[in-house]
Amino acid sequence: MVVLLLLLFLLPFLLYVTAPQIRKMLSSGVCTSTVQLPGKVAVVTGANTGIGKETAKELAQRGARVYLACRDMQKGELVAREIQDMTGNQEVLARKLDLSDTKSIRAFAKDFLAQEKHLHILINNAGVMMCPYSKTADGFEMHMGVNHLGHFLLTHLLLEKLKESAPSRVVNVSSLAHHLGRIHFHNLQGEKFYNSGLAYCHSKLANILFTQELARRLKGSGVTTYSVHPGTVKSELVRHSSFMRSMWWLFSFFIKTPQQGAQTSLYCALTEGLEILSGNHFSDCHVAWVSAQARNETIARRLWDVSCDLLGLPMD
Ligand SMILES: NC(=O)c1ccc[n+]([C@@H]2O[C@H](COP(=O)([O-])OP(=O)(O)OC[C@H]3O[C@@H](n4cnc5c(N)ncnc54)[C@H](OP(=O)(O)O)[C@@H]3O)[C@@H](O)[C@H]2O)c1
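Residues numbered from 1 in each chain as written. Predicted model: local features only at pLDDT ≥ 70, side-chain atom pairs only at ≥ 80, totals over all residues. Heavy atoms only, no water.

The name given to the chain in an unreviewed UniProt entry is NADP-retinol dehydrogenase, with Marmota marmota marmota as the source organism. Regarding the chain, the UniProt comment filed under Sequence similarities (unreviewed entry) reads as follows: "Belongs to the short-chain dehydrogenases/reductases (SDR) family." The annotation that UniProt attaches to the chain under Catalytic activity (unreviewed entry) is "all-trans-retinol + NADP(+) = all-trans-retinal + NADPH + H(+)". (UniProt positions renumbered as here; feature names shortened; annotations may be inferred.)

Below is the structure:
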């Protein structure tokens, strides 16, 4: 009985005490680049919270002009001021971008292109996970619409500016969850079958396929692109699932902080000499293995064409 009681009290205590060390062990991968960014321009989508906010903060710390592309302007303005105060960089600007509405994406791009001569770093970070079945303003299933098609359109609209600003980079935040993803071309909008967890996985697979096809198309342009798994990170991503929320809470001592979660995006955006690895997938600041589906060039090309078709974009 005494042993049992001791275990009951001792175990949580020990876990509590050792959690920082365990978390450190599990969250290897730190961006050690010392590159500074005065005169550089960056856009980070979904920068008002979580991984995006920490990514934007670090880019601002290094002197870049950083656009926080957020769907909620109140949150965006608040975070812009917070980052300005923390870093002393006043060129942190919140702008409206709702990736679930192509009109909003086009309006964001139009204003940005009119305002800025350059774009050196585009971080396609925003994301939704496990939403109940819903559609974007343009009728796309929400995960595919926001996580893939929204960023596909945004990148497309900003591509000339990225080329003019080369060397420049596009970082697409994907996930390990892509391993469970499939591109069901006959059910891209989830109308025939829908599972919120799988819908997230499919969209994250699309992020990797997009990165690879984009890298192929941008060869020699000076624009390079990378996909990223940030790790398992304590953020608001699990807001739609009470099961995932309780899992995150239960294991919160062991999962990455948003600042740790931002490291691989920063690594891909900043590390010198990474150009040769354009199109690759990264995790913990190293090249990471992707699923067979994610390495399939035929699917990547077809997804590119279908995405162009859905968004009314020219195919080449
Ligand atoms: N957390 C993890 O463990 C984990 C693991 C693997 C991959 N990731 C990926 O990491 C990225 C960042 O996620 P996070 O963990 O930092 O999640 P988060 O805290 O929920 O942040 C997501 C961001 O995306 C924004 N967003 C959502 N829908 C949007 C829309 N329609 N238009 C514009 N912005 C929108 C959110 O804005 P609001 O605040 O207004 O909702 C928020 O700023 C995501 O792509 C996610 O898939 C995360």
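(A) Structural view of the site of the ligand. Surveying the vicinity of the ligand reveals 31 residues, the closest of which are Arg71, Asn125, Tyr200, Val233 and Ser235. Here the ligand, which alone exposes 890 Å², has 98% of that area covered by the protein. The site holding the ligand turns out to be the largest pocket. Among the elements of the structure, helix 2 (50-61) and helix 6 (196-218) are those that each provide at least two residues to the shell around the ligand. Looking at side-chain class alone, the shell around the ligand contains 12 nonpolar, 13 polar and six charged residues. (Near = heavy atom within 4 Å. Areas by Shrake-Rupley, 256 points an atom, 1.4 Å probe, with all protein chains shown as cover. 1 Å grid on protein atoms, 1.4 Å probe; cavity = no way out; pocket = protein on both sides within 12 Å on 5 of 7 lines; lining within 4 Å. Sits in = over half its atoms within 2 Å of the grid points. Helix = DSSP H or I, 4+ residues; strand = E, 2+ residues; numbered from the N terminus. Nonpolar A, V, L, I, M, F, W, Y, C, P; charged D, E, K, R; others polar.)

(B) Quick look at the sheet that holds strand 3 (residues 92-96). Strand order in the open sheet formed by eight strands is 3-2-1-4-5-6-7-8, and the pairing between neighbours is mixed. The open sheet has two edge strands, strand 3 and strand 8 (286-287), and neither has a second partner. With four bridges joining them, strand 4 (residues 121-124) and strand 5 (residues 168-173) adopt parallel strand pairing. Across the sheet, the residue bridging to Leu122 is Val170, located in strand 5. Sitting on the sheet, helix 3 (residues 73-87) is in contact with strand 2 (65-70) and strand 3, with an inclination near 175° to strand 3. Across the sheet, helix 6 touches strand 5, strand 6 (223-229) and strand 7 (281-283), and the angle it forms with strand 6 is around 160°. (Pairing = 2+ DSSP bridges. Contact = heavy atoms within 4.5 Å. Axes fitted to C-alpha atoms, helices over the stretch in contact; angles between N-to-C directions.)

(C) Spatial organisation of the nonpolar core. Formed by 35 residues in total, the largest nonpolar core has its most connected members in Leu59, Val66, Leu68, Ile121, Ile123, Cys268 and Leu270. Looking at this core element by element, the count peaks at five residues for helix 9 (residues 263-270). Formed by 34 residues, the second largest nonpolar core is a distinct cluster that contains Val41, Leu149, Leu162 and Trp304. (Core = buried A, V, L, I, M, F, W, Y, C linked by side-chain atoms within 4.5 Å. Buried < 20%, exposed > 50% of the residue type's maximum accessible area, 1.4 Å probe, protein only.)

(D) How the structure looks around helix 10 (residues 297-311). Relative to the 21 Å expected for 15 residues at 1.5 Å per residue, helix 10 spans 21 Å between its end C-alpha atoms, a close match to the ideal helical length. Taken together, the buried positions of helix 10 are occupied by Ile299, Ala300, Leu303, Trp304, Ser307, Cys308 and Leu311. Residues of helix 10 that are buried in the fold lie against helix 4 (102-115), helix 5 (142-164) and helix 6. Measuring from the backbone nitrogen of Thr298 back to the side-chain oxygen at the start of helix 10 gives 2.9 Å, which picks out Asn296 as the cap. (Expected span 1.5 Å × (residues − 1). Polar contact = N/O pair within 3.5 Å; in protein donor to acceptor, adjacent residues only side chain to side chain.)

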